[in-house]
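Chain by chain, the residues:
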Amino acid sequence: MKVRKCSTPEEIKKRKKAVVFCLSSDKKCIIVEEGKEILVGDIGVTVTDPFKHFVQMLPEKDCRYALYDASFETKESKKEELMFFLWAPELAPLKSKMIYASSKDAIKKKFQGIKHECQANGPEDLNRACIAEKLGGSLVVAFEGCPV
């Protein structure tokens, strides 16, 4: 997944806003978790708040990788930047945390355009203020259309 400009409305609707990745059942491959993606065309139709929906897609008791195409505003301009997340909640098994942590660099190398990285260990790490801080600190005035 790469942040890029799309030209036609149909291309824009098919662009991915968020994708969640997991390990395959044999723990040897990193795959897209089935049904765990948000398309730009879903926003406003089946998804009202894309970031809230994204956070709800993450499991409570296991690790995941995720890419999120973040839309935010600074005092000067509107921006979209790709964020990489390592989700490692407190309730995840230790072995899972170790596998995900050790495989992180391998998956990051596969994606171009990642501007920000965030490790989250619980929902409190995924609030809008924390994400705004990662994106640009006090310069960020809104994230996904909501003031911070």
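The shown structure was predicted, so the numbers you read here are calculated from the model rather than taken from an experiment.

Caption draft 1: Quick look at the pairing of strand S6 (residues 140-143). In this sheet, S6 lies alongside strand S3 (residues 64-74) in antiparallel orientation, the contact comprising three bridges. Across the sheet, the residue bridging to Glu73 is Ala142, located in S6. Relative to strand S7 (residues 146-147), S6 is paired through two bridges, and the arrangement is antiparallel. For Ala142, the partnering residue across the bridge sits in S7 and is Pro147. Joining the antiparallel neighbours S6 and S7 is a turn of two residues, in which Glu144 adopts a positive phi near 50°.

Caption draft 2: Representation of the packing of aromatic side chains in the model. Tallied over the full model, the rule gives nine aromatic pairs. Taking the centre distance of 5.3 Å and the plane angle of 50° together, the rings of Phe54 and Phe85 count as tilted. Linking Phe54 in helix H2 (residues 50-57) with Phe85 in strand S4 (residues 78-87), this pair joins segments that are 31 residues apart in sequence. With a relative accessible area of 0%, Phe54 lands in the buried category. Here the aromatic cluster, defined as three or more aromatic residues joined through ring pairs, consists of Phe51, Phe54, Tyr68, Phe85 and Phe143.

Caption draft 3: Quick look at the environment of Cys130. Considering the arrangement of structural elements, one finds Cys130 in helix H4 (residues 128-136). Those residues in contact with Cys130 that sit more than four places away from it in its chain are Glu124 and Asp125.

Caption draft 4: A look at unusual backbone geometry. Positive phi, close to 65°, is recorded for Lys27, a residue that is not glycine. Within the fold, Lys27 resides in the loop between strand S1 (16-23) and strand S2 (30-39). Even without being glycine, Glu144 reaches a positive phi, approximately 50°. Of the residues examined, Glu144 reaches a relative accessible area of 15% and is grouped as buried.

Caption draft 5: Expanded view of the side chain of Lys17. You can see Lys17 is positioned in strand S1. In this structure the side chain of Lys17 is engaged in a polar contact, spanning 3.0 Å, whose partner is the side chain of Ser71.

Thresholds applied
- Residues numbered from 1 in each chain as written.
- Predicted model: local features only at pLDDT ≥ 70, side-chain atom pairs only at ≥ 80, totals over all residues.
- Heavy atoms only, no water.
- Pairing = 2+ DSSP bridges.
- Helix = DSSP H or I, 4+ residues; strand = E, 2+ residues; numbered from the N terminus.
- Phe/Tyr/Trp six-rings, centres within 6.5 Å; stacked < 30°, edge-to-face > 60°.
- Buried < 20%, exposed > 50% of the residue type's maximum accessible area, 1.4 Å probe, protein only.
- Contact = heavy atoms within 4.5 Å.
- Polar contact = N/O pair within 3.5 Å; in protein donor to acceptor, adjacent residues only side chain to side chain.

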